[in-house]
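Given next are the chains, with one letter for each unit.
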Amino acid sequence: MSAPEIVKLDAVALSRAIKAKQISCVEVMNAYLDQIDRLNPRVNAIVSLRPREDLFKEAADRDAQLERGEYRGWMHGFPHAVKDLEPTTGIRTTKGSPLFRNFFPRDDSILVERLRHAGAIIIGKTNVPELGLGSQTYNPVFGTTLNAYDHSKTCGGSSGGAAVAIALRMVPVADGSDNGGSLRNPAAWNNIFGFRTSSGRVPSQFYEVFIPSISVHGPMARTVPDLAMLLSVIAGYDSRTPLSIRQDPAEFTGMLERGFKGTRIGWLGDFGGQIPFDPGVLELCEGSLKVFESLGCSVETVTPDYPLESVWQSWLTLRGWQIAAEFRAMYPDPAQRALMKPELQWEIEHGLKSTAMEVAIASRTRTGWYHAMRKFFEKYDFMIAPAGQVFPFDATTHWPKEVGGVSMDTYHRWMQVMIPISMSGCPALSVPAGFNDRGLPMGIQIVGPNHAEMACMQLAHAYDQATNWVSEHPPSLLSS
């Protein structure tokens, strides 16, 4: 195959071709590095790229392993760029912050261990907002990552570099993480798939292993089969994270095809008028509901019976408390504090003010919301919600100060539609919903009951087969 033909392969097909020795790992590495050289200067999605000669050596080693009959796994020979919040042995992990500009971790995270074990070759990192805060990927270390479809717009975040790298076929698949929408929003804004998994599905070495973090890890891809296969690699129990799920991740390599006649779907829309949207967003998302009806689903507009504002305020408390706990040692130092962006300082200050009782009450509210969602799924099989409240905005804008005529009181209130899903702990898969009249992408969230990742992917796969948004609407930069 030629280099352009190699990068056009979906990840499942690429894996099969490598295993069958139809293409070599060196050819694959060369094809993807050429693609990065051609497109990355335009969008700045991949950072800390390793030297080409080192990567070719690793690719040649993978080919030699195949010749010896040593097949390492589904990602054997895959070039992979890890999100720059994730520790990678010997590869700079800046987190987009001057505080970590020269940080070279001694150890891989659990996720990176699993990627390597499955045969992936780590080529570098994908760009993130500073310390992953905010759904706009810019930082003082590497600069701004631009949208795959409109290079004047933001790509979202915090898994923004990952989303753009996938959309422009600079990597076969990508990893990401999500607290307030960081897997779902950039997927929606770059016309790909991003999966926020159930709490504990992908073991994560956050700073506290006994109190479930709001943040989770998950896969990003151009197809649902690719998404499922990557999830099978990164999911599964690890004793270092005692609350991780023991279910066999091999389940995700199973059949994605199934029927959906009689499936009940609850559409959240704007939560009964409680969440503002810019013009055109809701209408575009609602248009996708006809696809589910064509699959045999019944769709009803619903509003969960729970005070939405209390969920939001509880998220603010828990998020600030967890961020403050992480940076409490750095914050008192004026020199280090000066290297923190204002949004981080605000989060830390907010967290430091929180009392133990306020944190406990916020956690109780989170529990109450989970039970409200659990009851919701006794009536409905899936929940669907928009994957954003605004279309991609100008890349020089830090965050929208107003949405739908409503002023935003925090730097992340414009992502509020994501927060109830994050707080529920349920899996949520962002799928493309189409484009507005300016060619800007948007997506919707397919949300399932706790631990229902496979069901979410099966519905997303049926939806994708009916719409083909990714395959039929590639970024124009790919053909320029």
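Structural data are supplied above this passage.
Below is a short write-up of the structure. Being a predicted model, the structure only gives us computed values, none of them experimental.

**Some words on the overall build of the protein**
When you go through the protein residue by residue, the secondary structure sums to 17 helices and 15 strands. At 21 Å, the protein has a C-alpha radius of gyration in line with the 23 Å of a compact globule built from 480 residues. Taking the principal axes of the C-alpha coordinates as reference, the protein spans close to 60 × 60 × 45 Å. Long-range pairs, those at least 24 residues apart, make up 76% of the contacts in the protein between residues at least 6 apart in sequence. Side-chain charges in the protein split into 45 positive and 50 negative, and the spacing between the mean points of these groups amounts to 3 Å.

**Points about the packing of helix H5 (residues 110-117) against helix H8 (residues 224-234)**
Viewed as axis vectors pointing N to C, H5 and H8 meet at an angle of 110 degrees, and their least axial separation amounts to 8 Å. Accordingly, the angle class assigned to the pair H5 and H8 is roughly perpendicular. The segment H5 lies against H8, with Leu 111, Arg 114 and Leu 115 engaging Leu 230, Val 233 and Ile 234. Grouping the amino acids of the contact of H5 with H8 by side-chain chemistry returns five nonpolar, no polar and one charged.

**Concerning the pattern of salt bridges**
Taken as a whole and assessed by the stated rule, the structure comprises 19 salt bridges. Linking Arg 413 and Glu 309 is a salt bridge whose minimum nitrogen-to-oxygen distance equals 3.1 Å. Separated by 104 residues along the polypeptide, Arg 413 in the loop between strand S13 (406-407) and helix H15 (419-424) and Glu 309 in helix H11 (residues 308-327) bring together distant segments of the chain. Judged by its relative accessible area of 10%, Arg 413 is buried. Residue class for Glu 309 comes out partly exposed when judged on its relative accessible area of 36%. Across the pair Asp 409 and Arg 413 runs a salt bridge whose closest N-O atoms are separated by 3.0 Å. The network of salt bridges with common partners includes Asp 34, Asp 37 and Arg 52.

**Describing the sheet that holds strand S1 (residues 46-47)**
The strand order across the open sheet formed by three strands is S1-S3-S2, and the pairing between neighbours is mixed. If you trace the sheet from one side to the other, it starts and ends with S1 and strand S2 (79-83), each paired once. Strand direction decides the pairing type here: S1 and strand S3 (residues 121-126), joined by two bridges, are antiparallel. In the strand pairing of S3, Ile 46 is matched with Thr 126.

**Remarks on the side chain of His 76**
Summarising the element assignment, His 76 is placed in the loop between helix H4 (52-67) and S2. Looking at His 76, the relative accessible area reads 1%, which means it is buried. Once residues lying within four places of it in the same chain are set aside, the contact partners of His 76 are Ile 18, Cys 25, Arg 62, Gln 65, Leu 66, Glu 70, Tyr 71, Ala 118 and Gly 119.

**Some points on the pairing of strand S15 (residues 441-447)**
In terms of residue burial, S15 counts as a mostly covered element, since seven of its seven residues are buried. Residues Pro 441, Gly 443, Gln 445 and Val 447 line one face of S15 and the alternating positions Met 442, Ile 444 and Ile 446 line the opposite face, and both faces are buried. Bridge count between strand S11 (residues 382-386) and S15: four bridges; the pairing is antiparallel. Pairing of Ile 384 across the sheet is with Ile 446, part of S15. Sheet topology places strand S14 (residues 428-435) next to S15; seven bridges connect them, and they run antiparallel. Looking at S15, one finds that Ser 430 is bridged to Gln 445. The turn joining S14 and S15, which pair antiparallel and follow one another in sequence, is formed by five residues; a positive phi near 75 degrees is taken by Gly 439.

What counts, and where the lines are drawn
- Residues numbered from 1 in each chain as written.
- Predicted model: local features only at pLDDT ≥ 70, side-chain atom pairs only at ≥ 80, totals over all residues.
- Heavy atoms only, no water.
- Helix = DSSP H or I, 4+ residues; strand = E, 2+ residues; numbered from the N terminus.
- Rg over C-alpha atoms; globule rule 2.2 N^0.38 Å.
- Contact = heavy atoms within 4.5 Å.
- Lys, Arg positive; Asp, Glu negative; His and termini not counted.
- Charge placed at Lys NZ, Arg CZ, Asp CG, Glu CD.
- Axes fitted to C-alpha atoms, helices over the stretch in contact; angles between N-to-C directions.
- Parallel < 35°, antiparallel > 145°, perpendicular 65-115°, else oblique.
- Nonpolar A, V, L, I, M, F, W, Y, C, P; charged D, E, K, R; others polar.
- Salt bridge = Lys/Arg side-chain N within 4 Å of Asp/Glu carboxyl O.
- Buried < 20%, exposed > 50% of the residue type's maximum accessible area, 1.4 Å probe, protein only.
- Pairing = 2+ DSSP bridges.

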